[in-house]
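Structural overview for review
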Amino acid sequence: MAEKTLAGKTVEVNDEGYLLNRDDWDKDLAAEMAKEDGIELTDKHYEVLEYLREKEAAGESLTIRKVGKSGITDIKGLYQLFPGGPLKLSSKYAGIAKPASCV
Amino acid sequence: MTEAKERPLKKVMIIVAKASIEDVYAGLIMANGAVMEGIEAKLFFTFFGLDAITKKQMNKLHTGVVGNPGMRMPGGLPFPTLLGVIPGVEAGVSAMMKKQMDALDVPPVDEFLDMITAGGGEIYACKMAADMFKLTKDDLSDHVKAIITVGDLYAMSGGDGTQIIFT
């Protein structure tokens, strides 16, 4: 556990960089997190992040299959948006916990 | 003492040789999980595992209800082997398993192959087994990249941080 300053805000993150409090999240913070991984967030990225936050708040389990059927993008698109971590990275930038799912 | 240096896994070669739901899904879940973690994954289907990539069979996989000590009735009582020989029981149990997996967002085989290849995973069929079962590329899912020999498989397995997994 550590504190980190992102977009001028000091937030608590775990050792993998996931926010501990989802309420700390805002768009600028997401952009800065993604930038550290070399990803520039676009509107499409934000649509995915908002979707994940919404589903997580509703207590639903998150999978790439679900995101792929959300109508925002398909699974291939999801891999293009978040290379090397379609669910892992998107969840991180969405300010939610790392999904405990195998699909 | 030598210092052990941790080397991250970069590539997995997953071999599926059996056609039961659990054997096929073990391979599919591991391959999908790999690409989701940014690990290169190649799946190699051989012998009865070819059912999983044969258009006619891929969505009709069953689980074995005879001689399967892990099989239990709903509620946890052992599943009598003799029950398994009654026509329709294996199909019923298999359908139930697929329904339970679908509830966990584990898709049917064809959709699972869509997901894996969308993430850059590659699907191969074993030449010897395809010859044996008289299957050609046309019989196989469009996701199958090629029918290859075991030598080809080993040739693809090079590189630091590669593991070959036989399910």
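Residues numbered from 1 in each chain as written. Chains lettered and ligands numbered in written order. Predicted model: local features only at pLDDT ≥ 70, side-chain atom pairs only at ≥ 80, totals over all residues.

Let's talk about the overall build of chain A
What counts here: The helix and strand labels rest on DSSP assignments: H or I over at least four residues marks a helix, E over at least two residues marks a strand, and numbering proceeds from the N terminus. Using C-alpha atoms as the atom set, the radius of gyration is obtained and then compared with a globule rule of 2.2 Å times the number of residues to the power 0.38. Placing C-beta atoms from the backbone, we regard two residues as in contact once those atoms come within 7 Å.
Scanning chain A for helices and strands turns up five helices and two strands. Along chain A, from the amino end to the carboxyl end, the secondary structure elements read β-β-α-α-α-α-α. Its C-alpha atoms give chain A a radius of gyration of 13 Å, within 12% of the compact-globule value 13 Å for 103 residues. Expressed as lengths along the three principal axes of its C-alpha atoms, the size of chain A is roughly 35 × 25 × 20 Å. A separation of at least 24 residues holds for 49% of the contacts in chain A among residues at least 6 apart in sequence.

Considering the overall build of chain B
Definition in use: Between the buried cut of 20 or more and the exposed cut of 12 or fewer other C-beta atoms within 10 Å of a residue's own C-beta lies the partly exposed class, and all C-beta atoms are placed from the backbone.
Broken down by element type, chain B carries six helices and five strands. Tracing chain B from N to C terminus, the helices and strands come up as β-α-β-α-α-α-β-α-β-α-β. Projected onto the principal axes, the alpha-carbon positions of chain B cover approximately 55 × 45 × 30 Å. For chain B, the residues scored as buried account for 33% of the 167 residues in total. Within chain B, residue pairs in contact and separated by at least 24 positions form 73% of the contacts whose partners lie at least 6 positions apart.

Considerations on the interface of chain A and chain B
Inclusion rule: For this classification, Asp, Glu, Lys and Arg are treated as charged, while Ala, Val, Leu, Ile, Met, Phe, Trp, Tyr, Cys and Pro are nonpolar and the rest, including Gly, are polar.
Across the contact, 14 residues belong to chain A and 13 residues belong to chain B. Here the side of chain A that touches chain B is composed, by residue class, of seven nonpolar, three polar and four charged.

Quick notes on the nonpolar core
Residue and element names in this part refer to chain B. Heads up, the rule is: As used throughout, a nonpolar core is a set of buried Ala, Val, Leu, Ile, Met, Phe, Trp, Tyr and Cys residues joined through C-beta atoms within 7 Å of each other.
By size, the foremost hydrophobic cluster in this structure holds 62 residues, and its most contacted members are I14, A41, L43, F45, A52, I53 and A125. Ranked by residue count, the leading element in this core is helix α1 (residues 21–36), at seven residues. For I53, the contacting residues outside a window of four places in its chain are F45, M58, I123, A125, L140, S141 and V144.

Considerations on the UniProt feature "active site" (unreviewed entry) in chain A
Formally: UniProt positions are given in the numbering used here, feature names are shortened, and annotations may be inferred rather than shown by experiment.
Listed under "active site" (unreviewed entry) in the UniProt record, and renumbered for this structure, are C102 of chain A. Tracing the sequence through the fold places C102 of chain A in the segment after α5 (88–93). Using a count of 13 C-beta atoms within 10 Å as the deciding quantity, one classes C102 of chain A as partly exposed. The contact partners of C102 of chain A, leaving out residues within four places of it in the chain, are I29 and G33 of chain B.

Some thoughts on the environment of L20 of chain A
Residue and element names in this part refer to chain A. Examined against the element boundaries, L20 turns out to sit in the loop between β2 (9–13) and α1 (27–36). Residue classification places L20 among the partly exposed residues on the basis of 14 C-beta atoms within 10 Å. For the pair formed by L20 and E3, sequence separation is 17 residues and the distance between their alpha carbons is 9.9 Å.

Points about unusual backbone geometry
A positive phi angle, near 50 degrees, is found at A7 of chain A, a position not held by glycine. Along the polypeptide, A7 of chain A turns up in the loop between β1 (2–6) and β2. For F47 of chain B, which is not glycine, the phi dihedral falls at a positive 40 degrees. With respect to the helices and strands, F47 of chain B occurs in the loop between β2 (40–45) and α2 (81–84).

A word on helix α2 (residues 43–57) of chain A
All names here are of chain A. Stated formally: Here the expected length of a helix is defined as 1.5 Å per residue gap, with one fewer gap than residues.
With 15 residues, α2 extends 21 Å from end C-alpha to end C-alpha; this agrees with the ideal 21 Å at 1.5 Å per step. Buried residues belonging to α2 abut α1, α3 (64–68), α4 (75–81) and α5. A positive backbone phi angle near 80 degrees is found at G59, which sits one or two residues after α2.

Some words on the sheet that holds strand β3 (residues 122–126) of chain B
Residues and elements named next belong to chain B. Which entries qualify depends on this criterion: Pairing between two strands is assigned when DSSP locates at least 2 bridges connecting them. Think of each axis as a best-fit line through the C-alpha atoms, taken over the contacting stretch in the case of a helix, with angles from 0 to 180 degrees between the N-to-C directions.
Ordered by their spatial adjacency, five strands build an open sheet running β4-β3-β2-β1-β5, and the pairing between neighbours is parallel. Every other strand in the sheet has two partners, leaving β4 (144–148) and β5 (162–166) as the edge strands with one partner each. Recorded for the sheet is a direction-independent mean angle of 20 degrees between the axes of neighbouring strands. Where strand β1 (residues 11–16) lies against β5, five bridges are found, and the strand directions are parallel. Counterpart to I15 in the pairing with β5 is F166. Of the strands in this sheet, β1, β2 and β5 touch α1, which is tilted by about 165 degrees from β1.

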